[in-house]
Amino acid sequence: MGVDEAKFKRLAQRVRPGSTLLRAWPLTGGVSAHVTAVEVRLPDGSTEKWVVRQHGARDLAQNPDMAEDEFRLLSILKEAGVPAPEPHYVDAAGEILGSPCFVVGFIEGEGRPPLDDLHGVVTQMASQLVRIHVISPARFDLSFLPRQSDIYAKKLGERPAVLDESLDEGRIRDVLASVWPLARWNEDVLLHGDYWPGNTLWKDGKLVGLIDWEDARVGDPLEDFANTRLEMLWELGVDAMHSFTQVYRSSARVDFTDLRYWDLCAALRPAFKIGEWAGDAARERVMRERHRWFVEQALT
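Everything numeric here is computed off the predicted structure, so don't read it as measured data.

1. Let's talk about the nonpolar core
Then, in step 1: Counting 68 residues, the largest nonpolar core has Leu77, Leu190, Trp213 and Tyr248 as its most contacted members.
Then, in step 2: Apart from residues no more than four positions distant in its own chain, Trp213 is found in contact with Glu70, Leu73, Leu74, Leu77, Val82, Ala84, Ile132, Leu190 and His192.
Then, in step 3: Residues Phe8, Leu11, Val52 and Cys101 belong to the second largest nonpolar core, which totals 16 residues.

Okay, here's the thing in structure tokens:
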């Protein structure tokens, strides 16, 4: 999808009447959505950058209100003090660009964490995850988000005809089927749904932005925590995973009784996808080795 400047000019006028579009360019890295950055001159003469996000057809087929829902969530995150993009405008009907979109502030930062300070990285990521998990249905209206319990009832209730045995999918599913549904040890909270280093922005060693909230849901905080543990293991190694685990556990008001089962849920996510996620053969070998270790530590 190219950048239609005429449409983005109209969008700029809608977001801030009297604004002038200076430039628009596609942002790389998105998979489930088309993301465009724009720079505008505001009526007072200052300039500002925005990000325009349009969800893909697959996501919209599952939830036609996704743009409006994510915009609403970003408003809640702003109120809660989470460093997510600031929401500016939503076109839920797709009137301007031809498909639903929303506009948020552009966060200046690097898309990868500073690897020369792993302790700082894992500490800040763990602390921000704790902050997210303080957001609960008791404090905010999260009724528009999917429920984790429904997602996993379907995922674990419908066993695929073909399993990814290279990742021990059958063994993992057997264990989870024997204990599901899990006892409720924790109250439901907001979950990011895909909290990993690739969805963070950094500037001068500080975590300044958390992005890509389209998988947000409401449920047990251990799902987010377990998924990030595996992602930390893949991206930064076992020591970083352990450090992240320690910092989160020391701060979060969470019962960790069923962490091993949520670890196994996290281990199901890359079934038949790990090659695509890895991007090359060498990286895939590392991810498979670490995934195998992660599964074993959960089972033992």
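The structure having been displayed, the exposition proceeds.
2. Some details on the packing of aromatic side chains
Then, in step 1: In the structure shown here, the tally under the stated rule is eight aromatic pairs.
Then, in step 2: Measuring from ring centre to ring centre gives 5.4 Å for Tyr152 and Trp262, while their planes differ by 85°; the resulting arrangement is edge-to-face. Taken together, the residues span a long stretch of sequence, with Tyr152 in helix α5 (residues 148–157) and Trp262 in helix α9 (residues 259–268) at a distance of 110 residues. Accessibility classification places Tyr152 together with Trp262 in one group, the buried group.
Then, in step 3: Each ring, one from Phe225 and one from Tyr248, has its centre 4.3 Å from the other, and the planes form 20°; the classification is stacked. Residue Phe225 is located in helix α7 (residues 221–236), and its partner Tyr248 is located in helix α8 (residues 238–251); the two are separated by 23 residues in the primary sequence. The same class applies to Phe225 and to Tyr248, which are both buried.
Then, in step 4: Of the aromatic side chains, those joined through ring pairs into one cluster are Phe225, Phe244, Tyr248 and Phe256.

3. Here's the deal with the pairing of strand β7 (residues 200–203)
Then, in step 1: Summarising the sheet, β7 and strand β8 (residues 206–210) pair through four bridges and their orientation is antiparallel. Across the sheet, Trp202 pairs through a bridge with Leu207, a residue of β8.
Then, in step 2: In textbook terms, the turn of a hairpin is the stretch between consecutive antiparallel strands, and for β7 and β8 this stretch comprises two residues, one of which, Asp204, has a positive phi near 55°.

4. What to know about α5
Then, in step 1: Within α5 the residues assigned to the buried category are Gln148, Tyr152 and Leu156. Seen from one end, α5 has its buried residues packed into an arc of 40°, which puts them on one side. With respect to the buried face of α5, the exposed residues turned more than 90 degrees away are Asp150, Lys154 and Gly157.
Then, in step 2: Looking at the buried residues of α5, the elements they touch are α6 (169–179), β6 (189–191), β9 (217–219), α7 and α9.

5. Some remarks on the pattern of salt bridges
Then, in step 1: Enumeration over the complete set of coordinates arrives at 20 salt bridges.
Then, in step 2: With a closest N to O distance of 3.4 Å, Lys49 and Glu108 form a salt bridge. Remark: Glu108 occurs in the loop between β5 (101–105) and α4 (118–132) and Lys49 occurs in strand β3 (residues 47–55); sequence separation between them is 59 residues.
Then, in step 3: Since its relative accessible area comes to 26%, Lys49 is described here as partly exposed.
Then, in step 4: Residue Glu108 is classed as partly exposed on the basis of its relative accessible area of 41%.
Then, in step 5: The salt bridge partner of Glu214 is Arg53, with a shortest N-O separation of 2.9 Å. Highlighted residues: Glu214 in the loop between β8 and β9 and Arg53 in strand β3, separated in sequence by 161 residues. Considered together, Glu214 and Arg53 belong to a single accessibility category, that of buried residues.

6. Describing the environment of Trp180
Then, in step 1: Locating Trp180 in the fold gives a position in the loop between α6 and β6.
Then, in step 2: Residue class for Trp180 comes out partly exposed when judged on its relative accessible area of 22%.
Then, in step 3: Sequence separation between Trp180 and Gly157 is 23 residues, and the spatial gap between their C-alpha atoms is 9.4 Å.

So, how was this worked out
- Residues numbered from 1 in each chain as written.
- Predicted model: local features only at pLDDT ≥ 70, side-chain atom pairs only at ≥ 80, totals over all residues.
- Heavy atoms only, no water.
- Core = buried A, V, L, I, M, F, W, Y, C linked by side-chain atoms within 4.5 Å.
- Buried < 20%, exposed > 50% of the residue type's maximum accessible area, 1.4 Å probe, protein only.
- Contact = heavy atoms within 4.5 Å.
- Phe/Tyr/Trp six-rings, centres within 6.5 Å; stacked < 30°, edge-to-face > 60°.
- Helix = DSSP H or I, 4+ residues; strand = E, 2+ residues; numbered from the N terminus.
- Pairing = 2+ DSSP bridges.
- Arc of directions from axis to C-beta.
- Salt bridge = Lys/Arg side-chain N within 4 Å of Asp/Glu carboxyl O.

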